[in-house]
Amino acid sequence: MPKKQTTLFDKVWNEHVISDLGVGFSLLHVDRNFIHDLSGSRALGALSEQGRRVMHPDLTFACPDHTVSTAADATHTGPRYEKCVDPLRQFAGDQRITFFDIGTHGFGIIHVIGPELGLTVPGALIVCGDSHTSTHGGLGALAWGIGASEVAHVLATGTVIQKRPKRMRVTFDGAMQQGVTAKDMILFLIGQEGVAAGSGYAVEYAGPAVRALSIEERMTLCNLSIEMGAKVGMVAPDEKTMDYVKGREFAPKGAKWDLAVAHWKGLQSDADSTFDEERFVNVEDVRPQFTWGTSPEHVMAIDELIPDPSEQSDLEKRNGYAAALEYTGLKAGQSLQGQKIDQVFIGSCTNSRLSDLQEAAGIIQGQKVASHVDAWVVPGSHDIKVAAEAEGLDVIFKKAGFDWRNPGCSLCVGSNGELVPEGGRCVSTSNRNFVGRQGKNSRTHLASPISAAASAIRGEITDVRKMMKE
Amino acid sequence: MDKFKSISCVAAPLMRANVDTDLIIPMQRYLLVDRKDMHEFAFETLRFLEDGSDNPEFVLNKPAYEGAQILISGNNFGCGSSRESAVWALNGLGLKCIIAPSFGNIFYNNCFQNGMLPIVLDQKIVEKLAEISENSGNNAPFSIDLEAQTVTAPNGEAYSFEIEPQRRHQLLEGLDDIGVTLTKVAEIKSFRKVDEKNRPWIYN
Ligand code: SF4
C-alpha cells in the first residue's frame, strides 16, 4: 500500500476530484470561479457564441478590475469599456452571475474582494484567469491561475482539468526584524530559489514565522508564489483564519458555519506527511528587499550592492543579468539606495489591503512626497477605500502629496491605460518587474508598502529602517 | 482545432531564457486587438525597429527561417502571466511547436488548448538543436513526429521527447478540453449532489 498522502494540499485536492483522467490528471470540481474583464468577457463571449450556458452560475463571480480607470473623475466609457467591461456586465446578467460593479460595495481587485467578501474560504478550490490567484491560498484555499480556454472550460463545465502537482514546503523560522514585511520574506525566497524553482509544485508555507503573520500578510506571501514558478501557494488555516472569515458577507452562517469550522480544523499537513521538496528560511536573515532587474528573482537586500553579471557562472544568468542592468540603467557594484525615482505605486493584489495602507501611512506621517515624484495609492477594493477613509488614511496620504485613487489593478499592469511615463523609474508594491510591464521602458523596483512609502518621501530608493529610527 | 500529427520545416532559434508572456504579446496589445490579429504584435519589441520596420536581426525576420513552424528557445519559455493570447500570437505567426528545456506552467497548458505542441528536451540537446539550426544554412528542415514522439534534426539525428498520453491524444485528435469534459456531465452533476451534503458551506 502506498503511504496515504496527508499534506494540506492533498487533503483539499482529494475532496475535489470528480474523476481520475489518468497519468496524473484529474477532473476537479471548482468551488469558486472568479472572472474579470480581461479573460472573463472573452470566454463568456465565446461560450455564448457556442450557445452554451454557464454550468454553475451560483459559484461564479465577476468583477471588472483590470481595465477600469482609477482616476477620481473617470467617466468609465470608451473603447476599453466597450470591449472588456460592458460585455462582462451584460454576459454576467444573461448568465445570472453575481457581478460587482464599479464604484459599489464589493467592487475591487478580484483577489482582494474574494477574501474580503467571505467568498474565499479554507479548503475551497478557486480558479481565475489571472496568475495571482494563488493569493487565496493565504486562507488555506487551493487556488491557481488558468488561461482563457480554461476559463471557458470552467464556465461551461464547472470543472477544471489539472495535473496533480508535486508538493513543496517552505518553512519560515525566526522572528522578523523591524522594517521587514511578508513582501520581503517572499521576495527573499524568490531571490534564493529563482523564478522556476516552484514549477510543477504546490507550495505550502509553514513554520512559526508564517503562523505569526496576519491573514492579509499570508495573502501577500501566497500572491507571489507564481513568481517562483509555483501555481499554488497555501497556508494551513488556524484560529486567525476562522476569525478572519467569520461574519463576512458570503461566509457560511449558523449551522453551516459550525460544520465548516469543524472541517477546516482538519486542513493541516499531518506531522508525518512527506513533501517532494523542502526549503528552510530563517527570517532573521531577511532585510528589506528591492528588485534591481527585470525578473522578480533579480532581487537584493537594500543594503547590498547590485550583483556583477560577470561573477555569475551560469551563461544564461550572466546574459540575463547584463540585459536587465542595461534595461534598468544600473551598474554592477552600485548601491540601489539613492537611485532617483519618478513614481511610486502602492497597490495591486499583492499589497493594497487595509493593513498595507495603514503601514504605509505610518511611515509618511507628517512628511511630504519629494516634489519630482508622482506617488499613487490605489486601494484594492471599494470597501478598503471606504474603511481607509473612515480612519483618515486618505487625509494622511493626500496631505503628503499622494494621489488617492479609486480601486483597480491600475499601474500593476497598465491594462487600464495608467502607465509609468516612458523610461520612468517606479518603486512599486506590485508583483512583476518585467520589461515594459508598467509602460514602455518603465523600470520597476518591487518592494514592500513601507519601503515604497519611504522612497516616495525621499524621492529615491530608500532603506525604510533608517526612517523608522528617525 | 486542427489535428497535429507531424511537421517538417525550418526551426528558428531564439536562445534566451525566460521569454515571458509580456515579451510575446505586450498587455497594451492584448486588450484591444482581436484574437485573429494578435500575431501582428507578437514579439513586437524584438521584431520591429523604432520606426516600425522589420528588425533584420530578429530570427523570425531572417530569410533563412521563413516558414518556420518550430521555435527553439531557452529555459522557462512562456513564463509570466496567464494570458492565453501569448499562444494565439505565436499560432498566428505560423508556429506549431516550441522546443525548450522548460516552460511556464500556464503557458504549457494553454498550448494544448490551441493545437500547439510544447516539447521539453534536455538543455544540452536544445542548445545543440539551436546550433544545428544556425549552422545548417537555409531552410534545413527539422521534423517533428508526434505519434513517434521524436524530433529529427536536418543531419538525421533523432531525439525522443516525453508527453502525457492524454495530451498527445488530444493534439492528435484536435480536441479541446470542453468537448471531452462535456461527455461527463452526469458524473459532474452527481458529484455536486453529494458534495452539497458533505460541504454545504460552499453552496449558498
Ligand atoms: S493587481 Fe496585477 S497581478 Fe493582481 S490581478 Fe490585477 S493585474 Fe493581476
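Residues numbered from 1 in each chain as written. Chains lettered and ligands numbered in written order. Predicted model: local features only at pLDDT ≥ 70, side-chain atom pairs only at ≥ 80, totals over all residues. Heavy atoms only, no water.

K.L.:
What should I look at first to understand the interface of chain B and chain A in this one?
P.N.:
Often, the extent of an interface is quoted as the loss of accessible area upon association of its parts. Opposite the 52 residues of chain B that make contact, chain A presents 70 residues. Together chain B and chain A conceal approximately 4900 Å² of surface at their shared face, both sides included; 58% is due to carbon and sulfur atoms. The salt bridge partner of Glu-164 of chain B is Lys-163 of chain A, with a shortest N-O separation of 2.8 Å. Applying the counting rule to chain B against chain A returns eleven residue pairs in polar contact (both at pLDDT 80 or more). Only helix 2 (27-32), helix 5 (105-112), helix 7 (165-173), helix 8 (177-181) and helix 9 (185-198) of chain B provide two or more residues apiece to the side of chain B that touches chain A. Counting residues per element, the side of chain B that touches chain A draws most heavily on helix 9 of chain B, at six residues. Its residues placed into classes, the side of chain B that touches chain A shows 20 nonpolar, 17 polar and 15 charged. (Contact = heavy atoms within 4.5 Å. Buried area = accessible area lost by both parts, 1.4 Å probe. Salt bridge = Lys/Arg side-chain N within 4 Å of Asp/Glu carboxyl O. Polar contact = N/O pair within 3.5 Å; in protein donor to acceptor, adjacent residues only side chain to side chain. Helix = DSSP H or I, 4+ residues; strand = E, 2+ residues; numbered from the N terminus. Nonpolar A, V, L, I, M, F, W, Y, C, P; charged D, E, K, R; others polar.)

K.L.:
Just checking my understanding: could you explain the side chain of Arg-218 of chain A for this structure?
P.N.:
Residue and element names in this part refer to chain A. Within the element layout of this structure, Arg-218 appears in helix 8 (residues 215-223). Arg-218 gets classed as buried once you look at its relative accessible area, which sits at 0%. Filtering out sequence-adjacent residues up to four positions away, Arg-218 remains in contact with Gly-138, Val-210, Arg-211, Leu-213, Val-235, Ala-236, Asp-238, Lys-240 and Thr-241. (Buried < 20%, exposed > 50% of the residue type's maximum accessible area, 1.4 Å probe, protein only.)

K.L.:
Could you clarify how one ought to interpret the sheet that holds strand 1 (residues 17-22) of chain A in this entry?
P.N.:
Where strands meet in a sheet, backbone hydrogen bonds hold them as pairs that are either parallel or antiparallel. All names here are of chain A. Strand order in this open sheet of three strands is 1-2-8, and the pairing throughout is antiparallel. In this open sheet, the two edge strands, each paired with only one partner strand, are strand 1 and strand 8 (159-163). Across the sheet, the axes of successive neighbouring strands diverge by a mean angle of 25°, strand direction being ignored. Taken together, the five bridges between strand 2 (residues 25-29) and strand 8 define a ladder with antiparallel strand orientation. In the sheet register, Ser-26 faces strand 8, and the bridge partner there is Gln-162. (Pairing = 2+ DSSP bridges. Axes fitted to C-alpha atoms, helices over the stretch in contact; angles between N-to-C directions.)

K.L.:
I tried to follow the pairing of strand 5 (residues 117-120) of chain B on my own but got confused; where do I start?
P.N.:
Consecutive residues of a regular strand have side chains that alternate between opposite faces of the sheet. Residue and element names in this part refer to chain B. In the sheet, strand 4 (residues 97-100) pairs with strand 5 via four bridges, with the strands oriented parallel. For Ile-98, the partnering residue across the bridge sits in strand 5 and is Pro-118. The parallel pair strand 4 and strand 5 is bridged by helix 5, and the resulting crossover is right-handed. (Right-handed = clockwise from strand over helix to strand, strands pointing away.)

K.L.:
How do you make sense of the packing of helix 12 (residues 354-364) of chain A against helix 15 (residues 449-458) of chain A when you look at a structure like this?
P.N.:
Geometrically, a packed helix pair is captured by the angle between its two axes and the distance between the axes. Residues and elements named next belong to chain A. In the contact formed by helix 12 and helix 15, the axes pass within 8 Å of each other and the chain directions differ by 35°. Handedness of the helix 12/helix 15 crossing: right-handed. In this structure, helix 12 uses Asp-356, Glu-359, Ala-360, Ile-363 and Ile-364 to contact helix 15, whose residues at the interface are Pro-449, Ile-450, Ala-453, Ala-454 and Ile-457. Split into classes, the residues belonging to the contact of helix 12 with helix 15 amount to eight nonpolar, no polar and two charged. (Left-handed = near helix turned anticlockwise from the far one by under 90°.)

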